[in-house]
Protein chains: 2
Amino acid sequence: MTTIGDVAKAAGVSVATVSRALRGVDRVSPRTRDRVLAAATELHYVASPAATSLVSGRTRGVGVITPYFNRWFFATVVSGIEKILREEGYHVLLCDLEGHTFDTRLPITQSMLWKRADGAIILNVPPLPSERSVLERLGMPVVTVGNQQPGWPSVRIDDRAAMAIATQLAIDLGHREIGYAGTVPASITHLQTPFDRRESFTQVLSDNGLECPPEWTLECDWTAAGAAEHANRLFDRPHFPTCIVAASDEMAFGVMSAARRHGLDVPGDVSVIGIDDHVHAEIFDLTTVRQDVEAQGRRAGRLMLDALHGRDSANIIDEVHDVQLMVRGSTGPPRRRSSRTRSRRAATAVGAPATVGSPAS
Amino acid sequence: MTTIGDVAKAAGVSVATVSRALRGVDRVSPRTRDRVLAAATELHYVASPAATSLVSGRTRGVGVITPYFNRWFFATVVSGIEKILREEGYHVLLCDLEGHTFDTRLPITQSMLWKRADGAIILNVPPLPSERSVLERLGMPVVTVGNQQPGWPSVRIDDRAAMAIATQLAIDLGHREIGYAGTVPASITHLQTPFDRRESFTQVLSDNGLECPPEWTLECDWTAAGAAEHANRLFDRPHFPTCIVAASDEMAFGVMSAARRHGLDVPGDVSVIGIDDHVHAEIFDLTTVRQDVEAQGRRAGRLMLDALHGRDSANIIDEVHDVQLMVRGSTGPPRRRSSRTRSRRAATAVGAPATVGSPAS
DNA sequence: TTGAAAGCGGTACCAC
DNA sequence: GTGGTACCGCTTTCAA
């Protein structure tokens, strides 16, 4: 279609002048500028990003590397990033690393970023050594979200602290039999968060002289459906915890669902706590530890822009965002009961509401 | 970093030979080829997409234009598209049109696609005439998802049929007082789906001699939270419908939540039906009309690839995917009741489960 | 089979 | 203030 040459011809000037006039840099006489602008508009001229990028060496794109993209947390982070970048004329290059199973992922390669993006934002996946060297060779600014990596600025919450808050709430409510939902992937290089949260959970328990037996640990894939499936099996057992702490709200939803299907009252028979404050957490009255996911995305976008504009802060910043305990209706003190006399009843319809009663009843 | 010239030097051949060897086209002697490959690997050479694209005129990118990106439906479609495109070495350029309010959006511009993508997939937004001419001027293949546009292949469900199924279920269950959740944006050029679904709902009702008064129509923004807010006001009224049909599962979630907070039994006091089969619909036992969203994304990606490879089918295909009624626990026949004697009770805790009882009790 | 060279569409330096 | 022109890195004739 229209090239800069066409505009030059139409405006009766040289391509150099068109380039200057269009970008508003350098001095161009107002009259010439107007003629050029008119011609450009007339011809629907838009500069070819390929050509611009070839000569300038920059792309105005930022690679966003995400382990899953079709999950609330990641989509929300990306959305935050995108809004900030767009304000400054940058766009997002989506690099989805989703593999075939929960604990595999695609590698970060040079060709997904090289000359395609001016910087990279990595969501939650700790790069392998080989991936690190790719990133270093690329020589572009990197910002991480969700965990801290040496040498790169980061935006995140303190996963251990968040989980400690959730676990402590369970203990403070009087629970002593506490289950956990949230697998740690086989490879820690896949995701750090599952590891940190689980470790923190175990730590807080043991600090309080408690422990969570393996059969109360739901090894699910961080989806609601996966958690529901495992929780269903848990609730089939004669004895199960009075509270389940889930490493994410989505898993917590699955646990709540399984409880209801078993005719169990939440929180009467079992309390459920999540982490995230998922967009549906309030709707489903889930007690959780809130993090502002989109804000983290926006901050990561901003840090990237700063780095791109050479406004690198002298020291590498590690921005740890606050979390906030949101106590809602899914938690309460344990109901005094033995495994025999608990109020379980047959669910009359799949998923029908269970019992009536306030948490304290 | 490394350019084709560096590789040529290292391999002791010309850049032309490097180019040929690396892409496996044309004849290159095996020995030369090996030397080039070795040098390229050694130097971590990756061709600059900008340069390649400048000369070839193609980018191996496909623009995906979406009204919102951080919503389950759209993220899932994009995920499906991305998986297919990636297989053939194409990548996704995300163009998020999200505006500041539910019924505004950013325009589709030439500069977001021009020389950046080889084709465009448009999700659910009917282009304005001016946007159509941009797309036509660009001369790239276009595929639409979610609705049909003249001249372009499309992948979608029949929104009217889907809503008719949902509405008919309500009627078949015996409901006569039926409410609706799902605003139609002020501008029909924003989204077509809300319009189609609402119209179909109204149509089926009137075919059955029924109607939905304005005060039972929840004008919410297609989010769970928005629907919950409006449903809360509805349930505050002395008289409200025995069934609410929501134009999306997310809104249905909001309605269910509001019902529970009002101490209402679902489906005893009020039935709820959605459309989509959202990833959490089964978990929350929501009756809905299922569509396979990711499959639609994959098909759209495939159609795009076909067009890109010149395998254009002679006639423009309009692929209408099947939907499937999923009857779950959120629906049942209306309980015989007047507005005075219904089983409403004070919610003991926000969101506490309501009553016990099978749908038929 | 391989190399030289002419672009692809811009930008930026250097004259005028 | 404006025009000429040498690249940016790669692909693709055209010759050798």
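For clarity, every value in this text was computed on a predicted model and none was experimentally measured.

Some remarks on the overall build of chain A
Now for step 1: Scanning chain A from terminus to terminus reveals eleven helices and twelve strands.
Now for step 2: Compactness check: chain A gives a C-alpha radius of gyration of 26 Å against a globular reference of 21 Å for 361 residues, more than 25% above the reference.
Now for step 3: Residue burial in chain A is summarised as follows: out of 361 residues, 57% are buried.
Now for step 4: Considering only intrachain contacts with a sequence separation of at least 6, the fraction spanning at least 24 residues in chain A is 73%.
Now for step 5: Taken as a whole, chain A presents about 14400 Å² of accessible surface, with 52% of it coming from carbon and sulfur.
Now for step 6: Separation between the mean location of the 39 positive side-chain charges and that of the 41 negative ones in chain A comes to 4 Å.

Describing a nonpolar patch on the surface
Residues and elements named next belong to chain A.
Now for step 1: A surface patch of nonpolar side chains, about 220 Å² in accessible area, is lined by Ile 165, Leu 325 and Val 327.
Now for step 2: The topology assignment puts Val 327 in the segment after β12 (324-326).
Now for step 3: Classification of Val 327 as exposed rests on a relative accessible area of 54%.

Some details on helix α9 (residues 224-236) of chain B
Owing to its 3.6 residues per turn, the α-helix aligns residues three or four sequence positions apart on the same side.
Now for step 1: In this model α9(B) runs 18 Å from its N-terminal to its C-terminal C-alpha over 13 residues, within 8% of the 18 Å that 1.5 Å per residue would give.
Now for step 2: In this structure, the buried residues of α9(B) make contact with β7 (217-218), β8 (243-246) and α10 (249-261) of chain B.

Observations regarding the packing of aromatic side chains
Now for step 1: Taken as a whole and judged by the stated rule, the model has 16 aromatic pairs over all chains.
Now for step 2: Taking the centre distance of 6.4 Å and the plane angle of 5° together, the rings of B:Tyr68 and B:Phe102 count as stacked. Remark: B:Phe102 occurs in the loop between β2 (91-96) and β3 (119-123) and B:Tyr68 occurs in the loop between β1 (61-66) and α5 (72-87); sequence separation between them is 34 residues.
Now for step 3: With 5.7 Å between their ring centres and 70° between their planes, B:Phe253 and B:Phe284 make a pair best called edge-to-face. With a gap of 31 residues between them, B:Phe253 in helix α10 and B:Phe284 in the loop between β9 (271-276) and β10 (287-290) connect regions that are remote in the sequence. In this structure, B:Phe253 and B:Phe284 share a single accessibility class: buried.
Now for step 4: Following the ring pairs from residue to residue traces out a cluster consisting of A:Tyr68, A:Phe73, A:Phe74 and A:Phe102.

Looking at the nonpolar core
Now for step 1: Counting 152 residues, the largest nonpolar core has A:Phe235 and B:Phe235 as its most contacted members.
Now for step 2: Counting residues in hydrophobic clusters, the runner-up holds 18 residues, among them B:Cys95, B:Leu97, B:Leu135 and B:Val142.

Side note on the packing of helix α4 (residues 49-56) of chain A against helix α4 (residues 49-56) of chain B
Packed helices, taken two at a time, are described by the angle between their axes plus the distance between the axes.
Now for step 1: In the contact formed by α4(A) and α4(B), the axes pass within 8 Å of each other and the chain directions differ by 140°. As judged from the angle between their axes, α4(A) and α4(B) are oblique. Along this stretch, α4(A) crosses α4(B), giving a crossing that reads as left-handed. Facing A:Ala50, A:Ala51, A:Ser53 and A:Leu54 of α4(A), the residues of α4(B) in contact are B:Ala50, B:Ala51, B:Ser53 and B:Leu54.

Remarks on the pattern of salt bridges
Now for step 1: In this structure the tally under the stated criterion is 41 salt bridges over all chains.
Now for step 2: The shortest N-O distance in the salt bridge between A:Arg261 and B:Asp285 comes to 3.7 Å. Of the two residues, A:Arg261 is situated in helix α10 (residues 249-261) and B:Asp285 in the loop between β9 and β10; the pairing between them involves two chains.
Now for step 3: Taken together, the shared-partner salt bridges in this structure form one network comprising A:Lys83, A:Glu294 and A:Arg298.

Describing the sheet that holds strand β12 (residues 324-326) of chain B
Residues and elements named next belong to chain B.
Now for step 1: Spatially, the six strands line up as an open sheet ordered β7-β6-β8-β9-β10-β12, and their pairing is mixed. A single partner strand is all that each edge strand has here, and the edge strands are β7 and β12.
Now for step 2: Pairing of strand β6 (residues 178-181) with β7, which is carried by two bridges, proceeds in the parallel orientation. Looking at β7, one finds that Tyr 180 is bridged to Thr 217.
Now for step 3: The strands touched by helix α8 (residues 193-207) within the sheet are β6, β7, β8 and β9, with β6 carrying the most contacts at an inclination of about 175°.

Overview of the domain arrangement of chain A
Size of an interface, as often reported, equals the accessible area lost when the parts are brought together.
Residue and element names in this part refer to chain A.
Now for step 1: What the domain assignment reports for chain A is domain 1 (4-56), domain 2 (61-157 + 293-321) and domain 3 (159-291 + 325-347).
Now for step 2: Using only C-alpha atoms to locate each centre, domain 2 and domain 3 end up separated by 30 Å.
Now for step 3: Counting residues at the interface gives 18 residues for domain 2 and 21 residues for domain 3.
Now for step 4: Of the roughly 1700 Å² buried between domain 2 and domain 3, counting both surfaces, carbon and sulfur atoms make up 60%.
Now for step 5: For the domain 2 face of the interface with domain 3, the top three residues by lost area are Trp 72, Phe 102 and Ile 157, together amounting to 42%.
Now for step 6: The tally of links between domain 2 and domain 3 comes to zero salt bridges.
Now for step 7: Summed over the shared surface of domain 2 and domain 3, the result is seven residue pairs in polar contact (both at pLDDT 80 or more).
Now for step 8: Taken together, the elements giving at least two residues each to the side of domain 2 that touches domain 3 come down to α5 (72-87) and α11 (293-308).
Now for step 9: Looking at side-chain class alone, the side of domain 2 that touches domain 3 contains ten nonpolar, five polar and three charged residues.

Procedures and definitions
- Residues numbered from 1 in each chain as written.
- Chains lettered and ligands numbered in written order.
- Predicted model: local features only at pLDDT ≥ 70, side-chain atom pairs only at ≥ 80, totals over all residues.
- Heavy atoms only, no water.
- Helix = DSSP H or I, 4+ residues; strand = E, 2+ residues; numbered from the N terminus.
- Rg over C-alpha atoms; globule rule 2.2 N^0.38 Å.
- Buried < 20%, exposed > 50% of the residue type's maximum accessible area, 1.4 Å probe, protein only.
- Contact = heavy atoms within 4.5 Å.
- Areas by Shrake-Rupley, 256 points an atom, 1.4 Å probe, with all protein chains shown as cover.
- Lys, Arg positive; Asp, Glu negative; His and termini not counted.
- Charge placed at Lys NZ, Arg CZ, Asp CG, Glu CD.
- Patch = residues over 30% accessible without salt bridge, like charges linked within 9 Å, V, L, I, M, F, W, Y side chains within 5 Å.
- Salt bridge = Lys/Arg side-chain N within 4 Å of Asp/Glu carboxyl O.
- Expected span 1.5 Å × (residues − 1).
- Phe/Tyr/Trp six-rings, centres within 6.5 Å; stacked < 30°, edge-to-face > 60°.
- Core = buried A, V, L, I, M, F, W, Y, C linked by side-chain atoms within 4.5 Å.
- Axes fitted to C-alpha atoms, helices over the stretch in contact; angles between N-to-C directions.
- Parallel < 35°, antiparallel > 145°, perpendicular 65-115°, else oblique.
- Left-handed = near helix turned anticlockwise from the far one by under 90°.
- Pairing = 2+ DSSP bridges.
- Domains from an automatic or database assignment.
- Buried area = accessible area lost by both parts, 1.4 Å probe.
- Polar contact = N/O pair within 3.5 Å; in protein donor to acceptor, adjacent residues only side chain to side chain.
- Nonpolar A, V, L, I, M, F, W, Y, C, P; charged D, E, K, R; others polar.

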